[in-house]
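Residue-level listing of the chains:
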Amino acid sequence: MQVIAGIDLGGTNIKGGLFTTAGELLGKKEIPTQAAAGPRAVVVRIADLVRELVTEFGQGHTLAGVGVGAPGLHDFAQGECIFSPNLPGWRNVPVTTWLTELLGVPVKLDNDANLATLGEFWQGAGQGANNLLMLTLGTGVGGGLILNGQLFRGPDGTAGELGHMVIWLDGPACNCGNRGCLETLASATALLRLGREAGLPVKEAREVMQLATAADPRAIEVVDRYISYLAVGVASLVNIFNPDLVLIGGGVVKAGEQLLAPLREKVARLALAVPAQRVKIKAATLGNDAGIYGAAALFGDKR
Ligand SMILES: [Zn+2]
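What counts and what doesn't
Residues numbered from 1 in each chain as written. Predicted model: local features only at pLDDT ≥ 70, side-chain atom pairs only at ≥ 80, totals over all residues. Heavy atoms only, no water. UniProt positions renumbered as here; feature names shortened; annotations may be inferred. Axes fitted to C-alpha atoms, helices over the stretch in contact; angles between N-to-C directions. Helix = DSSP H or I, 4+ residues; strand = E, 2+ residues; numbered from the N terminus. Parallel < 35°, antiparallel > 145°, perpendicular 65-115°, else oblique. Left-handed = near helix turned anticlockwise from the far one by under 90°. Contact = heavy atoms within 4.5 Å. Nonpolar A, V, L, I, M, F, W, Y, C, P; charged D, E, K, R; others polar. Pairing = 2+ DSSP bridges. Donors = N, O, S within 2.8 Å, 3.2 Å for Na, K, Ca; no water. Tetrahedral: all angles 85-135°; square planar, octahedral: opposite > 155°, others 65-115°. Buried < 20%, exposed > 50% of the residue type's maximum accessible area, 1.4 Å probe, protein only. Phe/Tyr/Trp six-rings, centres within 6.5 Å; stacked < 30°, edge-to-face > 60°. Lys NZ or Arg CZ within 6 Å of the ring centre and 35° of its normal. Core = buried A, V, L, I, M, F, W, Y, C linked by side-chain atoms within 4.5 Å.

The chain goes by Glucokinase in an unreviewed UniProt entry, where it is assigned to Carboxydocella sporoproducens DSM 16521. Word for word, the UniProt comment on the chain under Sequence similarities (unreviewed entry) is "Belongs to the ROK (NagC/XylR) family."

Have a look at this one:
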């Protein structure tokens, strides 16, 4: 049987999973990135991780390919990382060429948020939806687009940066240099900031949600405003893309219906009637594994 390795390269850890081509996860492992050692050393660590995965979970099987997801901008056709903000020294790194030399199998490289979306489409909450968007609410807001059953990358591979949609011209400063990006108002970081600005004694975003559940009036107001910002972004995307499905991922969505029920109501009010009626808004289901699923999906059986 043929197997695929899916790698999720982050600034702190490298996650890897071994999959069947049909998308069954055979086993997974995680190692520290040790990013300070530079790109070549990190790529060698990825190759070592792939070998370990095959040894532990893939005995008797043939490795058909390795998919790699990483933050930043990549040339998908060339398999080169052009720039990655969380990985020091990563400029024009020929990731797929190096890994193919080390492992002797085909390798593909793509943006991590794109691949999280592809992972949900392949094996998670996005199965069966031909047009879907995903927003991952974490430190920032990651985005990905599946249009007509395909991951949409755009000619430069930069498509799907849904978190940098400007929803407030004079809003908070964003890491991208702009102001008022969705990410500055709808990320987990933003929820925590909004909570603190309202005087809540919170250290983590989820505490704001918990205080709202406990009927703290300030927390209720903060959560309502936070969900309104998110809804403005989602409603705009619904109007533009007429998607079947919008998936919400990341730590904040652990709040479940506390987040999703008011989000659906607000989007129904803000978006145009026909696409608003079409769209389903659901929680992503693969959690932190979405990235390794999506990376493997680059070589997996098509849905
Ligand atoms: Zn931005």
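Now that the structure has been shown, we can carry on.
K.L.:
Would you explain the packing of helix α1 (residues 39–57) against helix α2 (residues 95–103) in this entry?
P.N.:
When two helices pack together, their arrangement is given by the angle between the helix axes and the distance between those axes. Direction vectors running N to C along α1 and α2 enclose 45 degrees, while the axes themselves pass 10 Å from each other. Accordingly, the angle class assigned to the pair α1 and α2 is oblique. In the packing of α1 onto α2, the handedness of the crossing is right-handed. Residues Pro39, Arg40, Val43, Val44, Ile46, Ala47, Val50 and Arg51 of α1 pack against Val95, Trp98, Leu99, Glu101, Leu102 and Leu103 of α2. Tallied by class, residues from the contact of α1 with α2 come to eleven nonpolar, no polar and three charged.

K.L.:
Help me understand the sheet that holds strand β8 (residues 107–111), please; the structure alone is not making it clear to me.
P.N.:
Strands in a sheet are paired, the pairing made by backbone hydrogen bonds, and the direction either parallel or antiparallel. Read across the sheet, five strands follow the order β3-β2-β1-β4-β8 without closing on themselves; strand pairing throughout is mixed. Bordering the open sheet on either side are β3 (25–32) and β8, each of which pairs with just one other strand. If you compare each strand with its neighbour and ignore which way they point, the axes differ by 20 degrees on average. The sheet contact formed by strand β4 (residues 62–70) and β8 spans five bridges and is parallel. Across the sheet, the residue bridging to Ala70 is Asn111, located in β8. This element, α2, spans β4 and β8 of the sheet and lies at about 150 degrees to β8. Packed onto the sheet, helix α3 (residues 112–123) meets β1 (2–9), β2 (13–20), β4 and β8 and runs at close to 105 degrees relative to β8.

K.L.:
Is there a simple way to think about the coordination of the zinc ion in this case?
P.N.:
In an ideal tetrahedron of four donors about a metal, each angle is 109.5 degrees. In an ideal octahedron of six donors, the angles are 90 or 180 degrees. Looking at the metal site, the zinc ion is ligated by His164 (ND1), Cys174 (SG), Cys176 (SG) and Cys181 (SG), spaced 2.0 to 2.3 Å from it. Because the angles between the four donor atoms bound to the zinc ion fall within 106 to 119 degrees, the donor set is best described as tetrahedral. Residue Cys176 is classed as partly exposed on the basis of its relative accessible area, which comes to 42%.

K.L.:
What is the right way to read the packing of aromatic side chains from this model?
P.N.:
For any pair of aromatic rings, geometry is given as the distance between the ring centres together with the angle between the planes. Evaluated as defined, the whole model comprises three aromatic pairs. Ring geometry for Phe19 and Trp122: centres 6.3 Å apart, planes at 50 degrees, overall tilted. With Phe19 in strand β2 and Trp122 in helix α3, this residue pair connects regions lying 103 residues apart in the sequence. Residue Trp122 is classed as buried on the basis of its relative accessible area of 4%. Centre to centre, the rings of Trp168 and Tyr229 are 6.4 Å apart; their planes meet at 15 degrees, and the pair counts as stacked. Remark: Tyr229 occurs in helix α7 (residues 217–241) and Trp168 occurs in the loop between β11 (150–151) and α4 (182–186); sequence separation between them is 61 residues. Residue Trp168 is classed as partly exposed on the basis of its relative accessible area of 40%. The rings of Phe19, Trp122 and Tyr293 are connected pair by pair, giving a single aromatic cluster. Against the face of Trp98 rests Arg40, its NZ or CZ located 4.9 Å from the ring centre.

K.L.:
What should I look at first to understand the nonpolar core in this one?
P.N.:
For soluble globular proteins, the rule of thumb is that nonpolar side chains tend to be buried together. By size, the foremost hydrophobic cluster in this structure holds 45 residues, and its most contacted members are Leu135, Leu137, Tyr226, Val234, Ile248, Leu259 and Leu263. Residue assignment for this core shows that the elements contributing at least two residues are β9 (132–137), β10 (141–147), α4, α5 (188–197), α6 (205–213), α7, β12 (245–249) and α8 (257–270). Considering each element in turn, this core owes the most residues, twelve residues, to α7. Setting aside residues no more than four positions away along its own chain, Tyr226 makes contact with Leu137, Leu185, Ala186, Ser187, Ala188, Leu191, Leu194, Val252 and Leu259.

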